[in-house]
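Structural features, examined
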Amino acid sequence: MKNFLSRLTANHRDTKPAIPTQQATIPAVTPQELVAEAVSQHGAGRLAEAELLYRRILVTDAANFDALHMLGVVHLQTGRNVLAVELIERAIVLAPGNPLAHGNLGLAYQSLNRLDKAVASLRMAVALQPDQDGAQNNLGTMLCAAGQLDEAEVCFRKAVQLNPRNNDALNNLGNVCRDRGQFSVAESYHREALAIDPAAFATWKNLGEVQKLAGRYDDALDSFRKALELRPEDAGALADLGSMHSARAELIEAENYFRLALQIDENCANALCNLGDVLRRLDRLDEAESFSREAVALRPDDPEMLNTLACVLLRICALDEAEACCRKALTSSSDHVPTLITLGSILGERDRNDEAEACLRSALERSPESPAARYNLSMLKLMQGEYGEGLELYESRFDTLQRDFDTAPGNRKLLQDPRRWRGEALSGLRVLIWTEQGFGDSLMMLRYLPMLKERGASEIILFCEPSLERLAGSLSGLDHGMSCTQAVSSDAFDLHCPIMSLPFLFKTTRDSIPGSMPCVAVPTALRDIWKARLAPISRPRVGLAWAGSRTLRDDARRSISLSTFAPLIKWEGARFVSLQKGDGAEQVGAWMSQIENWMDECDDFMDTAALVQNLDLVIAVDSAVAHLAGALGKPVWLLNRYRSEWRWGLESDRSPWYPSMRIFRQTEAASWDDVIANVADELIRFQRS
């Protein structure tokens, strides 16, 4: 918007100036000459000098319109907003037909957040000068601030009609279209404005925001970079670039930009807030909380700041304060979708599932395509066993998870490949199935691959990690119609599908889960090798897995230290065997006299499967080992964290995914003592059976 304050002239009034009374302290110059000098100083940015001259004029001419009006403008520019309103109103009494004074009064009212008065003043400015495009644009901007988008758009269009080269009005039209979700139209207006003024900093920023909202992250990054080139030391521009890297899950780059912004302006609330969010996603929760609290201190009623703090508090299980932050944010903005989503997650953690669902559905009503709302509602419905709606909503996961977790380059390329299988007939077609998340997820979904053959697929190609290849090749029901690969060319397949979409495409319900176990097999020769190796070990032989991969965001909630198993390990009624590979495996060193450990000899999941085949029982946290034991049909006891994964449901001690599994659940977050005690009691019964 063109600021009225930038249009200072010496010709402001429509009435003749009052004749001052001559006093000894006033030089022999006319009031008009003093006004001209004051406005000259004002226009040059020397506000203190201009203020002295305006006051000097008013000493002898208290009814001087120019001095009253422009002294009010100085007060507005220096933050003395109440005095600004008083002075400009006094000036308007003297010259009620001056449009510039009404416009500046509107700005003064806006500074006091009195938007109704601001709009009224700007309406008067437009009524007095209806053919002035700047006045129309300024009224539109104020109407936007008041939430009156339809009227604002009319003003912006009138401004462009009066002056097709008014790039401010074009830019504002783009902003209106952006707020309505009309991203392509918004971009066209911003580009039209940039064609007029390629160095318009605000327009480049707005163009970047539109492209970001439209999911065109590469284009948005370029636009934000152009804005920063125009103002390299602008904290807001640095924060915008940080936000863009954050949206692309480039979290370290995002952190660097936010920290640069804060070096320039330590009170840049957006940078503080977004840095807090990035640090949360990097699991640096103490830092995240500190920066988020700083942002809220600067803007205590801002829903963005409050929601970011609530997300951090949710991660550290400070649920009371997290909920309070969300409630306060919704008091300020009841339609704030991110806060509704966060509150839904908090209520879900508190087992208030009906309230959680209401929040998430409210978010979807306001933003039907919100990936975060769809994903969080999918987690809730799947947890409740409502697979029909849950699996459909779960298809939003790529729009959500790619903002938090890195996606392998091969998977990113496949996501853009239009040949996605949507459940249609597969007669004679080559289907590529690609793994997308953790090993446990992939092991759980292998059961669906033979069903693709039943649908008529001529060939199944599994794009997976090397450690899964031999085990996947043992699937029953494929008749050697499957191959595994770690690299695939685009002409090697006809259709492709992410592996976690298979339950949705096969219309899985809790009652139709393919559950014939074992679904994988260990070659006899390999099984016998391990059988001979374990022969000297007394029974029952119990495998232990105490940690999952640390790459999971909530790994700290599911993984436990091996020492937590001490009440079991010290019991002499069983012999324990480590099944821990990778993260946490080093802990077995302190228990070598009580735990057998051959995991260094297990190069892939098939080796581990052969070892598991020769055990009597597996006890594991929610990890790939638990899925592996279940897929082999081995008795497996899952130590399940509070409010865990959807596949384990809410209450039952059995899983429809693995008939041989028994679930031992935490009754409260972070407390494993009762779980281990229950397992110890059941282990005694197991040993006796």
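Let me sum up the structure you'll find in this document. (Residues numbered from 1 in each chain as written. Predicted model: local features only at pLDDT ≥ 70, side-chain atom pairs only at ≥ 80, totals over all residues. Heavy atoms only, no water.)

So, unusual backbone geometry
Cis geometry is found at the peptide bond from Met517 to Pro518, where omega equals 5°. Note on placement: Pro518 falls in the loop between helix H28 (502-505) and helix H29 (524-534). Residue Pro540 follows Arg539 across a cis peptide bond; omega there is 5°. Checked against the element boundaries, Pro540 lands in the loop between H29 and strand E5 (541-545). The phi angle at Asn113 is positive, at roughly 60°, despite the residue not being glycine. Inspection of the secondary structure assignment puts Asn113 in the loop between helix H5 (99-111) and helix H6 (115-128). Under the relative-accessibility criterion, Asn113 is labelled exposed at 62%. A positive phi is found at Ala249, a non-glycine position, where the angle reads about 65°. For Ala249, a relative accessible area of 22% gives the class partly exposed. (Helix = DSSP H or I, 4+ residues; strand = E, 2+ residues; numbered from the N terminus. Buried < 20%, exposed > 50% of the residue type's maximum accessible area, 1.4 Å probe, protein only.)

Notes on the sheet that holds strand E10 (residues 661-665)
Taken together, six strands build an open sheet; the order of strands is E7-E6-E5-E8-E9-E10 and the sheet is parallel. Edge positions in the sheet fall to strand E7 (595-596) and E10, since each has one partner strand and no second. Strand direction decides the pairing type here: E5 and strand E6 (residues 575-578), joined by four bridges, are parallel. Note on E6: the bridge partner recorded for Leu544 is Ser578. (Pairing = 2+ DSSP bridges.)

A few points about the layout of surface pockets
Put simply, the second largest pocket is a space of about 200 Å³. Along its surface, the second largest pocket is lined by 13 residues, and Tyr642, Arg643, Leu650, Arg665 and Gln666 are the ones closest to its centre. Looking at the lining of the second largest pocket residue by residue, the classes come out as three nonpolar, five polar and five charged. (1 Å grid on protein atoms, 1.4 Å probe; cavity = no way out; pocket = protein on both sides within 12 Å on 5 of 7 lines; lining within 4 Å. Points joined across faces, edges and corners; volume = space filled by probe spheres on them. Nonpolar A, V, L, I, M, F, W, Y, C, P; charged D, E, K, R; others polar.)

So, the packing of helix H19 (residues 337-349) against helix H20 (residues 353-366)
The contact between H19 and H20 brings their axes to 8 Å, and the two run at 165°. Judged on the interaxial angle alone, H20 and H19 are roughly antiparallel. In the crossing of H19 with H20, the sense of the turn from one axis to the other is left-handed. Together, Val337, Leu340, Ile341, Leu343, Gly344, Leu347 and Gly348 of H19 and Asn353, Glu355, Ala356, Cys359, Leu360, Ser362, Ala363 and Arg366 of H20 make up the contact between the two elements. (Axes fitted to C-alpha atoms, helices over the stretch in contact; angles between N-to-C directions. Parallel < 35°, antiparallel > 145°, perpendicular 65-115°, else oblique. Left-handed = near helix turned anticlockwise from the far one by under 90°. Contact = heavy atoms within 4.5 Å.)

A short note on the side chain of Gln132
Tracing the backbone shows Gln132 in the loop between H6 and helix H7 (133-145). Among the polar contacts listed, one links the side chain of Gln132 to the backbone nitrogen of Gly134, at a separation of 2.9 Å. In terms of polar contacts, Gln132 uses its side chain to reach the backbone amide nitrogen of Ala135, at 2.6 Å. (Polar contact = N/O pair within 3.5 Å; in protein donor to acceptor, adjacent residues only side chain to side chain.)

A short note on the sheet that holds strand E3 (residues 482-485)
If you trace the four strands from one edge of the open sheet to the other, you get E3-E2-E1-E4, paired in parallel fashion. The open sheet has two free edges, formed respectively by E3 and strand E4 (495-498), since each of these has just one partner strand. In this sheet, adjacent strand axes meet at a mean angle of 25° when their direction is disregarded. Across five bridges, strand E1 (residues 430-434) lies against strand E2 (residues 459-463) in parallel orientation.

Thoughts on the side chain of Thr435
Structurally, the position occupied by Thr435 is in the loop between E1 and helix H25 (439-445). In this structure the side chain of Thr435 is engaged in a polar contact, spanning 3.2 Å, whose partner is the side chain of Glu465. Setting aside residues up to four positions removed in sequence, Thr435 forms contacts with Asn411, Ser442, Leu462, Phe463, Cys464, Glu465, Leu468 and Ile499.

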